Amino acid sequence: MDSIIVQGGGAVSGEIPISGAKNAALTLMPAALLTDQPVTFTNVPRLSDIKTTNELLASLGTEVVVEDDGQKITLTTPEITNQVAHYDIVRKMRASILVLGPMVARDGVAAVSLPGGCAIGARPVDIHLRGLEALGVELDLRDGYVHAKAPNGLTGATYELPFASVGATENLLMAATLTKGTTVLKNVAREPEIVDLADLLRAMGANITGDGSTVMTIEGVDKLHGATHAVVADRIELGTYMMAPLIAGGSVELLGGKRRLLESFCQKLEEAGASITETERGLMVARNGARIQAVDVTTEPYPGFPTDLQAQMMALLCTAEGTSVLNETIFENRFMHAPELVRMGADIEVSGGTATVTGVDKLRGAPVMATDLRASVSLILAGLASTGETRVARVYHLDRGYERVVSKFRAIGANIERIKE
Ligand code: EPZ
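No experiment lies behind these values; they were computed from the predicted model shown.

It is worth spelling out the site of the ligand at this point. The ligand sits among 23 residues. The nearest are D126, S165, D308, I330 and R374. The backbone of P124 places a nitrogen or oxygen atom 3.4 Å from an oxygen atom of the ligand. In the environment of the ligand, an oxygen atom lies 2.8 Å from a nitrogen or oxygen atom belonging to the backbone of V166. Protein contact buries 86% of the 820 Å² of open area that the ligand shows by itself. Elements that contribute at least two residues to the shell around the ligand include exactly α1 (22-28), α5 (126-134), α6 (166-176) and α12 (373-384). Residue classes in the shell around the ligand are distributed as 11 nonpolar, 5 polar and 7 charged. Domain assignment of the residues forming the shell around the ligand places at least three in each of domain 1 (2-19 + 233-420) and domain 2 (22-230).

So, on to the domain arrangement of the chain. Partitioning the chain into structural domains gives domain 1 (2-19 + 233-420) and domain 2 (22-230). Across the domain 1/domain 2 interface, buried area totals approximately 1900 Å², and carbon plus sulfur atoms make up 52% of it. Looking at the side of domain 1 facing domain 2, the largest losses of area belong to Y302, R400 and E403, adding up to 33% of the total buried there. Here domain 1 is connected to domain 2 by 3 salt bridges. Linking D49 and R400 is a salt bridge whose minimum nitrogen-to-oxygen distance equals 2.8 Å. Between the two partners, domain 1 and domain 2, sit 8 residue pairs in polar contact (both at pLDDT 80 or more). The residue inventory of the side of domain 1 that touches domain 2, partitioned by class, reads 9 nonpolar, 4 polar and 11 charged.

The rules we used
Residues numbered from 1 in each chain as written. Predicted model: local features only at pLDDT ≥ 70, side-chain atom pairs only at ≥ 80, totals over all residues. Heavy atoms only, no water. Near = heavy atom within 4 Å. Polar contact = N/O pair within 3.5 Å; in protein donor to acceptor, adjacent residues only side chain to side chain. Areas by Shrake-Rupley, 256 points an atom, 1.4 Å probe, with all protein chains shown as cover. Helix = DSSP H or I, 4+ residues; strand = E, 2+ residues; numbered from the N terminus. Nonpolar A, V, L, I, M, F, W, Y, C, P; charged D, E, K, R; others polar. Domains from an automatic or database assignment. Buried area = accessible area lost by both parts, 1.4 Å probe. Salt bridge = Lys/Arg side-chain N within 4 Å of Asp/Glu carboxyl O.

As structure tokens, then:
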């Protein structure tokens, strides 16, 4: 397994191009199952999760054509030749559950392995399943699989999600496009990735209104056709790299970064002492004073503070002046980066979903362990601001969500390398 070594040191400066969003691509690609026509994606991030999604779709009968070094992918599914999404692929990537809605909408039959939990939580899919049942899908959970069938097709209905689940919203939105009649989905997720999916589905001929708000209305159509779609910029990658100049000093321009994708996050950073300037090419970020100030943070569904940036924010607040309180309200076990940061000299106390962080003058480099995707990168950020060497083990987590992470950090002057252990 590879490790990443970071030599702590001075300020960073330079520019980083922001890639297409992993969490958009992972829902856009299964949408190609809804039609027998080619669907082409551009600005696709080159990540292991994308490769896994290609594998999964190919196993279902999709023809996958990858071009431009992985940044352009065309998916064509003349027919779904295999209705089973097997455990050996699904266990690698929870987002595989997003083939369920499209498959059952297209053919009225699907069997998808239950994704199981992951490091950050149990991550059930009950809301996905209840919503599909509301559309007339019959479900049978056995031998670790969800067996779904709708022999007479799906029927439009009104369904209120008990929680604004991103994945459930995506699954139900995709299924509703081919559902007879009108479907009204209430208390849906509002993330930019949902809007990006709705944009693709409309380009394919779907009839959707309300995306980005809490209520979406979908008028079902008989068929969808192909389209070409550019994946929206990755706001979590953007937020991650915005932290680099704030934790290490200096200034960095994030090319393709759009403030509107991260408004509440940007406001919280400014409260902590960041200067964020919109430029023609993206966002310029620097500290606006000598030291970052402590702030309190609570993660919420969009448009609140993103849970996917909580670990990175914790790393920053470990070096802030004062004490910060972070509340993680989305996942039940998303503080695994805390003990690793403590190994680097951070002062963090965790109690349930709350972490209290008292800033220290300097972190010290140390050998640490990556536990999940966003925790991994928070340790690299902490390494930038530390004295000495930080060695992050098990960085395969990073490959799932951060394209060319070493070269992007190097582009701003970080002393970082990847080694095979
Ligand atoms: C998506 O996961 C993202 N993944 C996650 O990003 C992100 O953290 C999350 O949304 C929240 O923003 C992708 O888009 C591929 P949820 P998802 O359904 O859809 C509970 C990353 O680092 N829940 O909104 O799985 C669930 O347990 C990843 O890129 C149910 O109880 O998130 C969790 O506590 C991590 N029942 C909460 O809701 C359900 O049926 C949020 O889950 C579904 C979810």
